[in-house]
Amino acid sequence: MDFVGKRGRFFLLSLAVIIPGVVFLAIAPGLKPGIDFTGGSTLTIGFSDPVDQSDLRAELAILDHPDALVQKLRVVDNEDDVYFVRTKELNDDMKAALLDGLETALSPSGLEELSFDLVSPVVAAETVVNAFYAVLAAAVGIFFYVWWAFRNVPSPFRYGAAAIVALLHDAFIVVGVFAMLGVVADVEVGTMFLIAILTVIGYSVNDTIVVFDRIRENVLTYPNRELAEVVNLSISESLGRSLNTSLTLLFTLMALMLFGGQTIREFLLVLLIGVVVGTYSSIGIASQFLISWEYGDFRRLLRRRSSGTSAAA
Amino acid sequence: MRRYGRLVVFIAVLIGLATLILAFQNIAVGDFERGSDNRLGLSLGLDLQGGSHLVYQAALRDPDTDEILDVSEDQMEALKRTIVRRVNASGLGEPIIQLLGSDRLLIQLPGVTDPDRAKSLIGETARLEFKRRSSNVLVDLDQFTQEDIVSVKAGLLPDLNAEILPTTSLFPPESATSTAGTVATSTATSTAASSAAPTGATGDDPLAPVAIMVEFTESGAAKFNIVLDRLADNLIAANERIQALGVPPELAGGLSNPSRLDVTVEGTEQLRFETISILPQDSPTTFAILVPPIVDSDQLPTLEEVQGRLGDDPKIFFAEFQPFADEDIGLTGDDLARAFPSQHTASGAPVVNIEFNDKGTRIFAELTQNIVQKEQEGRGVDQIAIFLDDEELIAPVVQTAITAGTAIIQGPGFSLERVLDLALKLEAGRLPIPIELIQERDVDAILGKDSLEKSVVAGFVGLGLVLLFMTLYYRLPGVLASVSLLIYVGLVLAIFKIIPVTLTLSGVAAVILSVGMAVDANILIFERMKEELRAGRTLLSSINIGFDRAWPAIRDGNVSTLITCAILFWFADRLGASIVQGFAITLAIGVGVSMFSAIVITRTFLRFVSTSRMSRRTHWWTPSGRSGVAQQVAAPVGQRS
């Protein structure tokens, strides 16, 4: 199979996903921060009828509080089922509607509002910014390590750069997809999302390096062959491993998605997208980036553009 | 074969250890205690297991009326930051700490169901203050002007049966501060005995003690009474300090000395002395200030001597001599980053380490530099007095200027308990405002018990699918890899339990990723092995070469992940993103063990099996549906040993 020859299509495919994602990120509201980041209101509710946590969560979703966090409080001297609910900021009307809805659906014998408060964010918004800086620093670390680890092949720093490009590619796609989901399906992102992104980045780097390892080996085994040929051979040789590894992860994630609880579905969705994108980017982005650099694609692209502008002038 | 044998024993021991660790829900060996309420005894986070739900109310009270005062948003933010820091330092995993309304704080702590533990962790005490304790301070009482004083006369005390307060020595004017060392050794009690000697003297007796009779105006007398009350309180406090110290007064240093009234009378010749012997006279505006013996003589001055010095129009000035004075320097518990017990690097003696934040470091540096400079200039040895809720904890001297913001407090009599206690109190005092616990509950997992139980089952289904896939696709090696994966999961969980790591969803994500990497490592090895088998190598050499070829990829992939973990951890630690930190730790453990599992466990299994009879079943070793492989592995290998 000729992977290298199709690199233009790989790049276009990725751009086709990244560009709308970036557009959605740029236009309001972009990523919708969840109550972990924004704070909101808390309600402590005592139900006279026995209420199940999952039923309460489902009912809250129906009442337009899909991202509410629900915890059961164990109160020794109280027979009622008491729940501690954190959700978006409520005004009095919204609160009344929420309590009425819950009473009708879950606890016809009545419920009691035990406390009602505004609540600050669990995670300060700067945590996200800080995590972003941490990821940037980690990318720099990875760049230097890959550069060092590939010191025996020609132009080793290109491998470092390509690994970082693939990492950013994966992160942008996942974040972009969630920005779209935020606009289209009202999906909010919380701390779970942050962790999922970190996981995707970890997977992306590992997968890229495994493919690069094969290229490294083949470049040293066949020093006289063209890089394009070597990269193509390496991708073909490692394809079985790439597919098997991502398949095993997808098995686990699919099983969790299908049979697991509702509460971690958003988290799993990020991982699922991340595994697919991470496997794809090692072949379709990182390796092709090496080729494009070697054969001056980027230079050509720039020249074409600059010659176009000069012609226009 | 012998080498593999040793490895097999090593692996078996590891498996045994991990099984033991996980089999006993709670482990307690001496001080070492691990375990929790779940079946494997793992510490689980709030999202997975729940814990304590505590609501605190800010309780800043007016010191006079005991009414609760309003707190500002900044104060609540500072309080939250302090508690976040404190809970994070306890290694309890990721707490949830949120401000409720304008003056309450919600704290959820994972796994903690013992209310006392939670409370001791958060601490309710309030104000820790660092003050500069200057020695031998003379404070001018400039509230007294000459208008406050009606007359100043020398006189004999008419009746000494009245209780007499002790005096100290008479100073030549220029030595008020520099001779303080000698002052420090004379004490309230000892001088009281000697100066009480002239008791019973009559008005005409030339040996009767001479006093300076000062008549104030009414407002002047009121001000003077305030000063006298303060001196009397200070005398009582000094006596209490001596008793609290439990040492002879001469060893108690400046602490044992009460403040004294420093009196300067400008007449024909200056008369200056310090005393606390002041007697109210019949008129409420007149006070008798006893003149103590003149320096270098035990003799009390005579009336004539004093009168001679006073002349016709004496002016009197008051100052307060304080053996030590605590000065507010704006350094409080909020500026302290942490305090913890440790050992002196050289002597091994127990010490308390303290670390300040940026602002604290700045103030502390300036303070210690000033103190050292003052000491070098011979102007007395100042201390840093540390108070918790106005109770003095300790007042160390400064040995050197400390600009880095970290210091140790050491003492000759420091026991381990004293150091622990001190560190705990310093930590406790870092709360900027006092708080009171108003609600305390147990709380269930955020992700919901029902949902999590389903997810655990789903996780097992997923793992089962992975093992099934590996077995079907890679045959015997797949089975071996599956076994080593199960061992891997057991080892990781055992390590989490022993450290202990509080497992949250972010930890689970890290475990899924590291399981993925462990599977990947196995797949890499098998793919390479398969290639070597196909190229016609013997089984054992295929295994060896397969491992060698797969190793660089596994190494570089895992090392770059470990680098990522280290950088994330370091950044998150500095930036206070504890969820990121938790992720980095669990991922690093997972990756480390995954490398070990692929390289040591799977490899040993493969080699072990390849020397057994199973090695002859060549079709057990290769994926199904691949023709042209079986006949190349003609000779059974590994039989030479």
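What counts as what
Residues numbered from 1 in each chain as written. Chains lettered and ligands numbered in written order. Predicted model: local features only at pLDDT ≥ 70, side-chain atom pairs only at ≥ 80, totals over all residues. Helix = DSSP H or I, 4+ residues; strand = E, 2+ residues; numbered from the N terminus. Buried ≥ 20, exposed ≤ 12 C-beta atoms within 10 Å, placed from the backbone. Contact = placed C-beta atoms within 7 Å. Nonpolar A, V, L, I, M, F, W, Y, C, P; charged D, E, K, R; others polar. Pairing = 2+ DSSP bridges. Axes fitted to C-alpha atoms, helices over the stretch in contact; angles between N-to-C directions. Core = buried A, V, L, I, M, F, W, Y, C linked by C-beta atoms within 7 Å. Parallel < 35°, antiparallel > 145°, perpendicular 65-115°, else oblique. Left-handed = near helix turned anticlockwise from the far one by under 90°. pLDDT = per-residue confidence, 0-100. Expected span 1.5 Å × (residues − 1). Arc of directions from axis to C-beta.

Enquirer: Honestly, the overall build of chain A in this entry has me stumped. Any pointers?
Expert: Scanning chain A from terminus to terminus reveals 10 helices and 6 strands. When burial is assessed residue by residue, chain A has 48% of its 313 residues classed as buried.

Enquirer: Even after reading the chapter, I still don't get the overall build of chain B, so can you show me in this structure?
Expert: Counting its secondary structure elements, chain B contains 13 helices and 20 strands. The contacts in chain B between residues at least 6 apart in sequence include a share of 75% that link residues at least 24 apart.

Enquirer: Help me understand the interface of chain A and chain B in this model?
Expert: Where interface size is given, it is often the accessible area lost as the parts come together that is meant. Listed per partner, the contact involves 62 residues of chain A and 62 residues of chain B. Listing elements by their share of the side of chain A that touches chain B, those giving two or more residues are α3 (53-62), β3 (69-74), β5 (111-119), α5 (125-149), α7 (191-221) and α8 (227-259) of chain A. Looking at the side of chain A that touches chain B element by element, the count peaks at 14 residues for α7 of chain A. Of the residues belonging to the side of chain A that touches chain B, the class tally is 35 nonpolar, 21 polar and 6 charged.

Enquirer: I would appreciate a short explanation of the pairing of strand β6 (residues 128-140) of chain B in the present structure.
Expert: Regular strands show a simple pattern: their side chains alternate between the two faces of the sheet. Residue and element names in this part refer to chain B. Pairing analysis gives 6 bridges linking β6 to strand β17 (residues 383-388), with the strands arranged antiparallel. Directly across from K131, in β17, lies its bridge partner A385. Relative to strand β14 (residues 315-332), β6 is paired through 11 bridges, and the arrangement is antiparallel. When the sheet's bridge partners are listed, K131 is paired in β14 with D328.

Enquirer: Help me understand the sheet that holds strand β13 (residues 286-290) of chain B, please; the structure alone is not making it clear to me.
Expert: Think of a sheet as strands paired side by side through backbone hydrogen bonds, with each pair either parallel or antiparallel. Residue and element names in this part refer to chain B. Strand order across the open sheet formed by 4 strands is β7-β9-β13-β12, with antiparallel pairing between neighbours. Because the sheet does not close on itself, it has two edges, and the strands there are β7 (149-156) and β12 (278-280). For this sheet, the mean angle separating the axes of adjacent strands, direction not counted, is 25°. Direction of pairing for β7 relative to strand β9 (residues 210-216): antiparallel, over a ladder of 7 bridges. Along β9, the bridge assignment pairs I149 with F216. Along the sheet, helix α7 (residues 303-310) contacts β7 and β9; its crossing angle with β7, the most-contacted strand, is approximately 150°.

Enquirer: Looking at this structure, how should I read the pairing of strand β4 (residues 96-100) of chain B?
Expert: Residue and element names in this part refer to chain B. β4 sits mainly inside the fold: 5 of its 5 residues count as buried. Residues I96, Q98 and L100 line one face of β4 and the alternating positions I97 and L99 line the opposite face, and both faces are buried. Taken together, β4 and the strand that follows it, strand β5 (residues 104-110), pair antiparallel across an intervening segment of 3 residues, in which G101 is found at a positive phi of about 60°.

Enquirer: Even after reading the chapter, I still don't get the environment of D442 of chain B, so can you show me in this structure?
Expert: With respect to the helices and strands, the residue D442 of chain B is situated in strand β20 (residues 435-443). Once the C-alpha coordinates of D442 of chain B and S52 of chain B are considered, the two residues, 390 residues apart in sequence, prove to be 4.7 Å apart.

Enquirer: Is there a simple way to explain the nonpolar core in this structure?
Expert: Here is a general trend for soluble globular proteins: nonpolar side chains tend to be buried in one another's company. Judged by nonpolar contacts, the single largest core of 184 residues is most densely connected at A163, V174, A196 and I197 of chain A together with L105 of chain B. With 18 residues, helix α11 (residues 505-534) of chain B is the single largest residue contributor to this core. One finds L261, L271, A288 and L310 of chain B within the second-largest nonpolar core, a separate group that totals 31 residues.

Enquirer: What is the right way to look at the packing of α8 of chain A against α11 of chain B in this model?
Expert: Axes are the key here: two packed helices are described by the angle between their axes and the distance separating the axes. At a minimum axis distance of 9 Å, the contact between α8 of chain A and α11 of chain B shows a crossing angle of 150°. If you check the angle between α8 of chain A and α11 of chain B, you find them roughly antiparallel. When you trace α8 of chain A past α11 of chain B, the crossing you get is right-handed. Residues G240, R241, N244, T245, T248, L249 and T252 of chain A of α8 of chain A form the contact with α11 of chain B, whose own contacting residues are I512, G516, V519, D520, I523, L524 and E527 of chain B.

Enquirer: Would you take a moment to explain the confidence of the model for chain B for this structure?
Expert: The predicted structure's coordinates, where accompanied by low pLDDT, should not be read in detail. Residue and element names in this part refer to chain B. Per-residue confidence for chain B gives a mean pLDDT of 76; residues scoring 70 or more make up 78%. For the stretch residues 161-206, pLDDT sits under 50, and the model shows 84 contacts to residues farther than four places along the chain or on other chains. Low pLDDT, under 50, characterises residues 625-641; the predicted model gives this stretch 26 contacts beyond four residues in sequence or across chains. As a predicted assembly, this complex carries a pTM of 0.65 together with an ipTM value of 0.84.

Enquirer: Explain unusual backbone geometry here, please?
Expert: With glycine set apart, most residues show a phi of negative sign, and most peptide bonds adopt trans. Residues and elements named next belong to chain A. Non-glycine residue D64 carries a positive phi angle of around 75°. As for its position among the elements, D64 is in the loop between α3 and β3. Exposure remark for D64: the 14 C-beta atoms within 10 Å place this residue in the partly exposed category. For S155, which is not glycine, the phi dihedral falls at a positive 50°. Following the sequence through the fold, S155 ends up in the loop between α5 and α6 (156-185).

Enquirer: Is there a simple way to explain helix α8 (residues 358-376) of chain B in this structure?
Expert: In an α-helix, one full turn covers 3.6 residues, which means residues spaced three or four apart are oriented alike. All names here are of chain B. For α8, which comprises 19 residues, the first-to-last C-alpha distance of 27 Å matches the rise-based estimate of 27 Å (1.5 Å per residue) to within 8%. Considered for burial, the residues of α8 that qualify are G360, F364, L367, T368 and I371. Burial along α8 is one-sided: seen end-on, the buried residues are contained in an arc of 95°. Among the exposed residues of α8, those oriented more than 90 degrees off its buried face are D358, Q373 and Q376.

Enquirer: Any chance you could explain the environment of G111 of chain B here in plain terms?
Expert: All names here are of chain B. Relative to the helices and strands, G111 resides in the loop between β5 and α3 (115-122). Exposure remark for G111: the 22 C-beta atoms within 10 Å place this residue in the buried category. Separated by 332 residues in sequence, G111 and V443 have C-alpha atoms that sit 9.5 Å apart. Once residues within four sequence positions are removed from consideration, G111 is found in contact with S36, S43, L44, Q49, G51 and T502.

Enquirer: It is not clear to me how the packing of α8 of chain A against helix α9 (residues 265-294) of chain A should be interpreted in this structure. Could you clarify?
Expert: Residue and element names in this part refer to chain A. Interaxial distance between α8 and α9 falls to 10 Å at its minimum, and their mutual angle equals 175°. Classed by the angle they form, the pair α8 and α9 counts as roughly antiparallel. On the side of α8, the interface is formed by L227, A228, V231, I235, S242, S246, L249, L250, L253, L256 and M257, while α9 contributes R265, L268, L271, L272, V275, T279, S282, I283, S287, L290, I291 and E294. By residue class, the composition of the contact of α8 with α9 is 16 nonpolar, 5 polar and 2 charged.

Enquirer: Help me understand the sheet that holds strand β19 (residues 406-409) of chain B, please; the structure alone is not making it clear to me.
Expert: Residue and element names in this part refer to chain B. Strand order across the open sheet formed by 3 strands is β15-β16-β19, with antiparallel pairing between neighbours. Because the sheet does not close on itself, it has two edges, and the strands there are β15 (336-343) and β19. The average undirected angle you get between the axes of adjacent strands in this sheet is 25°. Bridge analysis of β15 against strand β16 (residues 350-356) gives 7 bridges, and the strand direction is antiparallel. Each bridged residue has a counterpart across the sheet, and for F340 the counterpart in β16 is N353.

Enquirer: Got a minute to help me understand the environment of R39 of chain B in this structure?
Expert: Position of R39 of chain B among the secondary structure elements: in the loop between β2 (32-35) and β3 (51-58). In this structure, the C-alpha to C-alpha distance between R39 of chain B and Q25 of chain B, residues 14 residues apart in sequence, is 6.1 Å.

Enquirer: How should I be thinking about the confidence of the model for chain A in this particular structure?
Expert: This prediction gives chain A a mean pLDDT of 85; 95% of its residues lie at or above 70. Per-element averaging of pLDDT across chain A places helix α10 (residues 297-312) of chain A at the bottom with 66 and α9 of chain A at the top with 90.

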